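Residue strings, one per chain:
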Amino acid sequence: MATELEQAGFTNRSEEELGGRWGMVVDQDLCTGCQACVAACSMENNVPFVGEEDAGYGRAMHWIRIERLWESTEYPEVKMTPFQPTMCQQCHNAPCEPVCPVYASVHSDSQDLNLQVYNRCIGTRYCGNNCPYQVRAFNWYDYTDARIRPELTTLQNQLNPDVTVRRRGIMEKCTFCIQRIHKAEDKAKSEGREVEDGEFTTACAQACPASAITFGRIDDPKSEVSRAATSSRGKHLLEELGTLPRVTYLAGGA
Amino acid sequence: MSEKISRRDFLKLASVGAATTAVLTGCGPASRYVVREPYTKMPEYTYNGLSTYYATTCRECAAACGLVIRTMQGRAIKAEGNASNPVNLGKTCARGQATLHGLYNPDRITEPYKGIRGQPLGRESGSVLDWDAAIQVVADALKNNNPSEVAFLMGMAPDHLFDLVSDLTAAIGAPAPVRFGALGMFESRATLSKAAENLLGQPAMPFFDIANADVVLSFGANFLETWLSPVAYTRGFAKMRRGNPKRRGYFIQFESRLSQTAAKADEWIPIHPGTDGLVALAIGKLVAEAKGGVTPRAFASVNVADVVTKSGVALETLESIVHHVVEAESPVAIPGGTALGQSNGLSTAEAVLAFNALVDNFGKPGGVSLSPLSPNQNVYHRPASAQEMTDFIAKMKSGGIKVLFVHGVNPVFELPKSLGFAEALSSVPQVISFATFPDETALASDYIFPDHHGLESWGYQRSVTGTQQSVLSGAQPVVSPSYNTNSTVDVLLRAAQLAGGKFAEALPYADEVAFIQSKLTNLIGETDGSFVAPEINTFAAYFQQHGGWWKNAAELPTPSAASALGQGVTVEEAEFAGEGEFFFVPFVSPTLAEAGANKPWLQELPDPTTTVLWNTWVEMNPETGKELGIENDDVVKIVSEAGEVEAPVYLYPAIRPDVIAMPFGQGHTAYGRFAQGRGANPADVLGLHFNEAGDLAFAGMRVKVEKTGRKQVLSRLEGKLGVYGFIEEK
Amino acid sequence: MIRKFFEWIISPMGRIAALIVALSLFSLAAYGIYITQQSPAQPIQFKHSIHVNLQVQCLYCHPGALRGASPGLPTLTKCWGCHQQIAKTDTSPLLAVLKDFVLNGKDIAWVPVAQVPDFVHFNHRPHIAAGVNCEDCHGDLSKMEIYENPQVLNMGWCLKCHRSRTEDNIQNNPQNDSQISAVLAEKRTKLTDCGTCHY
C-alpha cells in the first residue's frame, strides 16, 4: 500500500537531491549498548541530569539514547533487537519544524540541519509532540541552576562554554554537535579552505569504542559516512512516515 | 467584574504592565552581573578563549586508557580518548567520559582531616590539620612501628604509587603493598593468572585477540562491559564483526543471564551455573573427534552426555557449535566472569585455555597470547585474590597490623561483608586513608589525607592487557588542584625524609616528578617505541606530551600448545554455598563499574539491558515471578548463608528461571550525596566461598527469595506497559 | 468591594492617585532600565583613551580577537610590563590600585561590558578577518575613557551590518559579477541563519 508521500515521490529522492552536508551512520551490528556516546554527548552539550524521580517520569534529558527492544521474550528463545542509538534524525522533512509558533525549531539553510534556537523557545512542546522518534527533551525544571541545586556549584566547572546552558521551559535536542561544526568551519575558513571530512566529529562518534557511529560530509561521495550510508544493510527509522531522516542505520545481525 | 472598564483605564493599566515588563526584561540575562576574572596565571602556551589539551591517563579503572582532556581557562571541560594510546586508540567508555564528574564532585574531601571512626565528616566530629602536621603523622606512623606491622592496602591504580610503596616497603622490611579492587574480584584475576601460568607458562593476563577471530566462544566473559580492558575489547569485537569484508565473526556467549555482552552474541546459551568448564571440555572433545586423530589427554575423559544433562545444553546445540568451530579459520574461547566465579573456576579457566590449545591458536592472530609486560616492568603482577584478602584481614584481626594505609580502594564497600574487613579495622590501632572522596573506608579511618583527583595528578599506569603492544600510559595534571589536597606520593616522600634514616634512604627523590622520571630511565634511548629520546628531560617532555610510551610492534609471548594439551584437565562439579532454590549472580554494573556511584551522569545512564536508572534491581525470570507471585517493583529480600539484601524486582525474560541477578555498584552508605543511601549491595550476601586459585566464588551462592510486601518503583528509560509483549497483571 | 474600589478610582481623587502610582512605577521602570544600561564600576579606572592615543594597538592587549571567539583581557603581567617602567606608576593614585593588584598577586575582577547574552555565541575572528575595525562596534576608543558600549549590542544592530554587507548592490558588487552575487547570496544565508550565532 503506497502512502501518499510515496506516490508523491518523496521517498525516492537520493541523498544528493535532498542536499545537505552532514550525515551520520549508525552501525547497529557494532553498537554494544555501552552508553559511552550518551555520556559523551551529555558532557559535551551540557545536558543536565534530572535525578531518579524525574527520570522515572520520563523526563530524562538524554539527547541520544540506546533503545533496547525485544524480538522475542519466550525463554529460552529470548532475543533482543540490536541496540539502537537514537538521536535527532535531522530529518529532511522534519515534522518538528513547521509547528513551532515562534520559529525556535527552524531549518538552517546554511548548515542544512534542524536547529533549536533556545532563546526563542517558549515551551509549547509542540515540536516534541510531533517528533516520531521522541528525541526531543524538555527542561521541565531548572535543572542547571546552582541556586536551586547546590550540588551543581562545583559540577558547573565542567560545562562546555561553546554550548548554551538551557533554563527551564526550553526544548533541546541533538544538534549534530553544531558547535564543533562551527569551530571546524571557522578554523578551515581562517586557513582559506573548506572543512574536510574527518577533520572533526561529533562527541558520540568520537567516544564510541566500537566505532559504531560515523559522522561526516555526506555530500562527499568519498567520505567514510557516504560509503557507509550506501551500504546494502542501510535503513532509516520509521521510513514509512516520510520524514527522510539524515541518519542511516546499518542493520544488526548477519 | 461587573463594571466594564473604560478604554482609557485599560490603556493606563496596560502601560503600567508594559513598563513593569520592560523593567524585568531590561534587566537582561542573569550573567550580566557576573564578574569575569582573567586567567591571571595562564600558562604561556594558552590563548585566551582557546582550549588547551593535555594528555593523561584515565583512573576510573586500571585499564590504562589514554585520555586527552580539553581545558578552558584552567577548567577541565571534556574528556576524550588519546588517539595514539594503543589500548583505547582515541575511544573512551562511559566512565572515562564522566570522570569530570569526579573531579568537580561536590563531595570531594577538601583538606587533611583527623576524624573519628564511623562519624561523618564534619567539624563536629573531627578536626582539620595542616599538611605539615599530616606529614608528621605519616612519618611517625612509619618510624614508631615495627616495619612488619606497617601495611599498605592499595587499589589497582595508580601504578607509580604502587611502585613507590613497593620500593619503600622493600627497603624498610615491611610487607609488600597489597592491591585489591572489586573489579579485580569480579574478573577473577588470580584465576586467570594461575591458569595462564599453568597452561601458557607465565602468570600474565592472557590476551584474546578477538579482533582477528572468526568464531568467539565466551564462557561468561563480559568483555563488552567492564571486563579487564573494555574499550580495547569492544574495539576488537567491532573488528571481528565488520573488520573483514569477507566474513562476519560469529560470537557465542555461555552465561546464565543475558548480559550486555551476551546481547551482542549470535547465540546466547543459558547454561546451568558452574558448568562452563564441562561444556568447554565437551565441545573440545567433539571438535577433536570431528577433526579426527587422537583426542588429546585434556579432553579424553569427558562424558559428553553427562555434560549435556548437567549443563542443560542440548546435544544438537553443542554439535552446531562444534560445526562452527571446525569450519572456522581462527576460533578462540574466552573464560571469565561468572564462569570463574565458581568453586571450580580455575579448572574451568584451564579447560577453556586447553580448548584454545586444541584449536591451535596460541600466539596466532585471532587466538590467545600472553599480554606483554609493560615497558618499565619486569615481573608480572596481579591484585590480591579474595583468599589473600581474607588472610590479610586475619592479620588485621590478630593485631599484626599496627598502622594501615589505604589508597585507591574502598574495602569496606568492595569486599563482601562476610570477610569482616570493617570489623577487623577495630583491631588496627591507626588507619590512615588517602581517599579523594568520603567513601566508607575513609569514614572508618582515623585520618584522611586526601590525594589529588586523578586528573590533578602526575603518574603512570601500566597496561596489563587489552593490546599486544607493551604500553606505559602517562598521567599529568590537567588543572591545578581545586582543594587543599596533596599528592600521596609527595606526602610519602616528605614523610620519609622527615622520618630519616632508612626511610629517607629508601626514597631519595625530591618530589613526585623526580620519582616518576627515575622509573623511566630504562626507556631512554630505546628505539623500538613511540618516540626516542637521548636523555631524561627530553624523554619526560615527550612522555608528557604524548601521554605515555609504548612499543611500536606487537609482542606475542607464546608458549607451546603441546604442554597444555598433554595435561589432564579435570573440572569438578561446582559446589554451591548455602541453601536456596536460586543461584545468585552478582554482576558489575556496566555503567557504574566499581566506583561510579558518586557521579550523577553515570547514575543517569540507563542499564543497557534493563534500562533501569539510579538504582539497584533484582533480575528474575517472569515465569519465576509468576510462580512466586512477585511483580515488577516488588521489594524482595535475598537471603544467603552469609547475609541478606533487599532490592526491587525487575522481571527480566532473558535469565534462567533458577537464577536471580543483581548489579554491583550501588548500596553505598557514604561516598557522597549521589551514592549514599541509594540501592543495595549484592556483596552483602556473598560468603567465604573460594575457587581453587583463591578468588571469590561470587557466583557460587545459593539464595532464598522472600517477599517483603513493599514496593519501590524503579525508574526506567523504557516504558512500562507492554514492554515484553505482555501486559502486567495488576 | 471591587465595585467600591472602581468607583473610587473613577473619582477625581482616585484618578490623581492612580496617575501618581502609574508615574512612579513608570519612572521606577525607566530608572531600572537606565541603570542596567550604564557601564558598571570597574575595579581599576582604566582609561582606553590614554592607551589608544599612545598608539597601543587593540590586538596588543586583546590578541584573541585575531584567533578566535574571545579577544581576552590582558593579564597582570601584560599591564605590569609597561607600567613597571613608567614613573607615573609610583605617583598616580589611580595606578596605585594596579600596583596593589600586581604586587599582591590579586586577580583583577573586571566587569564585562561589551557583553552579549549567554545564548549568543559571538566569534571575533571572522569579523576581524572580514576587515571590520574594532571601532566599528566598540566605538572610537581614542575618545573613550571608561569603556561603555556606544550602542546597544542587540541582534537588530548585528543583522543590520550582516545584511548590508551581503546585499547584492553597487557597493558590494561593483562589476555586477554573477559569481560575486552567488557568493554574496551564500554569505547572506549564512549570516542571517539562526544557527550561526544561536546554538
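Rules used in this analysis
Residues numbered from 1 in each chain as written. Chains lettered and ligands numbered in written order. Predicted model: local features only at pLDDT ≥ 70, side-chain atom pairs only at ≥ 80, totals over all residues. Helix = DSSP H or I, 4+ residues; strand = E, 2+ residues; numbered from the N terminus. Rg over C-alpha atoms; globule rule 2.2 N^0.38 Å. Buried ≥ 20, exposed ≤ 12 C-beta atoms within 10 Å, placed from the backbone. Contact = placed C-beta atoms within 7 Å. Axes fitted to C-alpha atoms, helices over the stretch in contact; angles between N-to-C directions. Parallel < 35°, antiparallel > 145°, perpendicular 65-115°, else oblique. Left-handed = near helix turned anticlockwise from the far one by under 90°. Nonpolar A, V, L, I, M, F, W, Y, C, P; charged D, E, K, R; others polar. Pairing = 2+ DSSP bridges. Right-handed = clockwise from strand over helix to strand, strands pointing away. pLDDT = per-residue confidence, 0-100. Core = buried A, V, L, I, M, F, W, Y, C linked by C-beta atoms within 7 Å. Domains from an automatic or database assignment. Expected span 1.5 Å × (residues − 1).

Peer 1: Would you mind showing me how to read the overall build of chain B here?
Peer 2: Broken down by element type, chain B carries 25 helices and 27 strands. Here the C-alpha radius of gyration of chain B, 28 Å, is about what a compact globule of 730 residues would show, namely 27 Å. Within the span of chain B, comprising 730 residues, buried residues form 61% of the whole. Considering only contacts within chain B whose residues lie at least 6 apart along the sequence, 73% involve residues at least 24 apart.

Peer 1: What should I look at first to understand the overall build of chain A in this one?
Peer 2: A tally of helices and strands in chain A yields 9 helices and 10 strands. The globule rule puts the C-alpha radius of gyration for 254 residues at 18 Å, and the 19 Å found for chain A is close to it. Expressed as lengths along the three principal axes of its C-alpha atoms, the size of chain A is roughly 60 × 55 × 40 Å. For chain A, with 254 residues in total, the buried portion stands at 48%. When contacts within chain A are restricted to residue pairs at least 6 apart in sequence, those whose partners lie at least 24 apart make up 65%.

Peer 1: Quick question: what am I supposed to make of the environment of B:Ser427 here?
Peer 2: Residue and element names in this part refer to chain B. Along the chain, the position of Ser427 falls in the loop between α17 (421–424) and β15 (430–433). On the basis of neighbour counts, which here come to 15 C-beta atoms within 10 Å, the residue Ser427 falls in the partly exposed class. Sequence separation of Ser427 and Lys395 is 32 residues, and the distance between their C-alpha atoms is 9.5 Å. Apart from the residues within four sequence positions on either side, Ser427 is in contact with Met396, Lys397 and Gly399.

Peer 1: I'm lost on the packing of helix α6 (residues 76–83) of chain C against helix α8 (residues 93–103) of chain C in this one. Help?
Peer 2: To describe two helices that pack against each other, one gives the angle between their axes and the distance between the axes. All names here are of chain C. Running from N to C, α6 and α8 cross one another at 125°; their axes reach a closest spacing of 11 Å. On the basis of their axis angle, the class for α6 and α8 is oblique. The chirality of how α6 crosses α8 is left-handed. Contacts between α6 and α8 involve Leu76, Cys79, Trp80 and His83 on the former and, on the latter, Leu95, Leu98, Phe101 and Val102.

Peer 1: Quick question: what am I supposed to make of the interface of chain B and chain A here?
Peer 2: When the parts of a complex come together, some accessible area is lost, and that lost area is often taken as the interface size. Opposite the 54 residues of chain B that make contact, chain A presents 45 residues. With 7 residues, the top contributor of residues to the side of chain B that touches chain A is helix α8 (residues 230–242) of chain B. The class makeup of the residues in the side of chain B that touches chain A is 29 nonpolar, 13 polar and 12 charged.

Peer 1: Sorry if this is basic, but what is going on with the pairing of strand β10 (residues 250–254) of chain B here?
Peer 2: The side chains of a regular strand alternate, first on one face of the sheet and then on the other. Residues and elements named next belong to chain B. Judged by how many residues are buried, β10 sits mostly within the fold: 5 of 5 residues are covered. Of the two faces of β10, the one lined by Tyr250, Ile252 and Phe254 and the one lined by Phe251 and Gln253 are each fully buried. Note: strand β9 (residues 215–219) against β10, 5 bridges, orientation parallel. Residue pairing in the sheet places Ser218 in a bridge with Gln253 of β10. The β-α-β motif built from β9, the intervening α8 and the parallel element β10 has right-handed crossover chirality. The pairing of β10 with strand β11 (residues 267–269) spans 3 bridges and is parallel. Bridging across to β11, Ile252 finds its partner in Glu267.

Peer 1: Got a minute to help me understand the interface of chain C and chain A in this structure?
Peer 2: With 15 residues of chain C in contact, the opposing surface of chain A contributes 19 residues. Taken together, the elements giving at least two residues each to the side of chain C that touches chain A come down to α9 (124–129), α12 (178–191) and α13 (194–197) of chain C. Looking at the side of chain C that touches chain A residue by residue, the class counts come to 5 nonpolar, 6 polar and 4 charged.

Peer 1: Is there a simple way to think about the confidence of the model for chain B in this case?
Peer 2: Caution applies to low-pLDDT regions: their predicted coordinates should not be interpreted in detail. All names here are of chain B. Residue-level pLDDT values for chain B average 91, and 92% of them are 70 or greater. Looking at the elements of chain B, mean pLDDT is at its lowest for helix α1 (residues 7–26), recorded as 48, and at its highest for strand β14 (residues 403–407), recorded as 98. Confidence drops under pLDDT 50 across residues 16–34; counting only partners more than four residues distant or on other chains, this segment forms 21 contacts. The complex model carries a pTM of 0.92, and its ipTM stands at 0.93.

Peer 1: Would you mind showing me how to read the nonpolar core here?
Peer 2: The tendency in soluble globular proteins is for nonpolar side chains to be buried as a group. Counting 314 residues, the largest nonpolar core has B:Val138 and B:Ala354 as its most contacted members. With near-sequence residues (within four places) excluded, B:Val138 lies in contact with B:Ile432, B:Val491, B:Leu492 and B:Ala495.

Peer 1: Honestly, the domain arrangement of chain B in this entry has me stumped. Any pointers?
Peer 2: All names here are of chain B. The domain architecture assigned to chain B consists of domain 1 (52–103), domain 2 (113–181 + 378–461 + 474–507) and domain 3 (582–716). Taken together, the contacts link 14 residues of domain 1 with 14 residues of domain 2. When contributions to the side of domain 1 that touches domain 2 are tallied by element, the ones reaching two or more residues are β1 (52–57), β2 (66–72), β3 (75–81) and α3 (100–103). Ranked by residue count, the leading element in the side of domain 1 that touches domain 2 is β1, at 3 residues. A per-class count over the side of domain 1 that touches domain 2 returns 6 nonpolar, 6 polar and 2 charged.

Peer 1: What is the right way to read unusual backbone geometry from this model?
Peer 2: Note: most peptide bonds trans; most residues except glycine with negative phi. Along the chain, A:Tyr75 connects to A:Pro76 via a cis peptide bond; the corresponding omega equals 0°. By the secondary structure assignment, A:Pro76 is in the loop between β3 (70–74) and β4 (77–80). A positive phi angle, near 60°, is found at B:Leu228, a position not held by glycine. By the element assignment, B:Leu228 lies in the loop between β9 and α8. A residue is classified by how many C-beta atoms lie within 10 Å of it, and B:Leu228, with 26 of them, is buried.

Peer 1: Explain helix α2 (residues 12–37) of chain C to me, please; I cannot follow it from the model alone.
Peer 2: Count 3.6 residues to each turn of an α-helix, and residues three or four apart come out pointing the same way. The end-to-end C-alpha distance of α2(C), which contains 26 residues, comes to 37 Å, matching closely the 38 Å that a straight helix rising 1.5 Å per residue would cover. Judged by how many residues are buried, α2(C) sits mostly at the surface: 0 of 26 residues are covered.

Peer 1: Honestly, the sheet that holds strand β16 (residues 447–448) of chain B in this entry has me stumped. Any pointers?
Peer 2: The strands making up a sheet are joined through hydrogen bonds of the backbone, oriented either antiparallel or parallel. All names here are of chain B. Pairing within the open sheet is mixed, and its 7 strands lie in the order β5-β4-β16-β15-β14-β6-β7. The open sheet has two edge strands with one neighbour each: β5 (127–128) and β7 (178–179). As paired strands, strand β4 (residues 113–114) and β5 are joined by 2 bridges and run antiparallel to one another. Note on β5: the bridge partner recorded for Tyr113 is Val128. Running over the sheet, helix α4 (residues 131–143) touches β6 (150–154), β14, β15 and β16 and is turned about 135° from β15.

Peer 1: Help me out: how do you make sense of the sheet that holds strand β17 (residues 459–462) of chain B in this one?
Peer 2: Residue and element names in this part refer to chain B. The antiparallel open sheet is built from 3 strands, whose spatial order is β17-β18-β19. The open sheet terminates on both sides in strands that have one partner only, identified here as β17 and β19 (548–550). Between one strand and the next, the sheet's axes are offset by a mean angle of 15°, whatever the strand orientation.

Peer 1: What is the right way to look at the pairing of β17(B) in this model?
Peer 2: Residues and elements named next belong to chain B. Neither face of β17 is open: one carries Gly459 and Gln461, the other Tyr460 and Arg462, and all of them are buried. Sheet analysis places β17 next to strand β18 (residues 471–475), joined by 4 bridges and oriented antiparallel. By the bridge assignment for β18, Tyr460 is matched with Gly474.

Peer 1: Mind showing me how you'd approach the packing of helix α10 (residues 276–291) of chain B against helix α13 (residues 315–327) of chain B here?
Peer 2: All names here are of chain B. Look at α10 against α13: their axes get within 9 Å of each other, and the N-to-C directions meet at 55°. Taken together, the axes of α10 and α13 are oblique relative to one another. Between α10 and α13 lies a crossing of right-handed hand. Contact with α10, carried on its side by Ala282, Ile283, Leu286, Val287, Ala290 and Lys291, involves Leu318, Glu319, Ile321, Val322, Val325 and Val326 of α13 and no other residues of that element. For the contact of α10 with α13, a count of residues per class yields 10 nonpolar, no polar and 2 charged.

Peer 1: Would you mind showing me how to read the environment of A:Ser223 here?
Peer 2: Residue and element names in this part refer to chain A. Relative to the helices and strands, Ser223 is located in the loop between β8 (213–217) and α9 (224–229). It is 6.3 Å that separates the C-alpha atoms of Ser223 and Asp197, two residues lying 26 residues apart in sequence. The contact partners of Ser223, leaving out residues within four places of it in the chain, are Asp197, Gly216 and Arg217.

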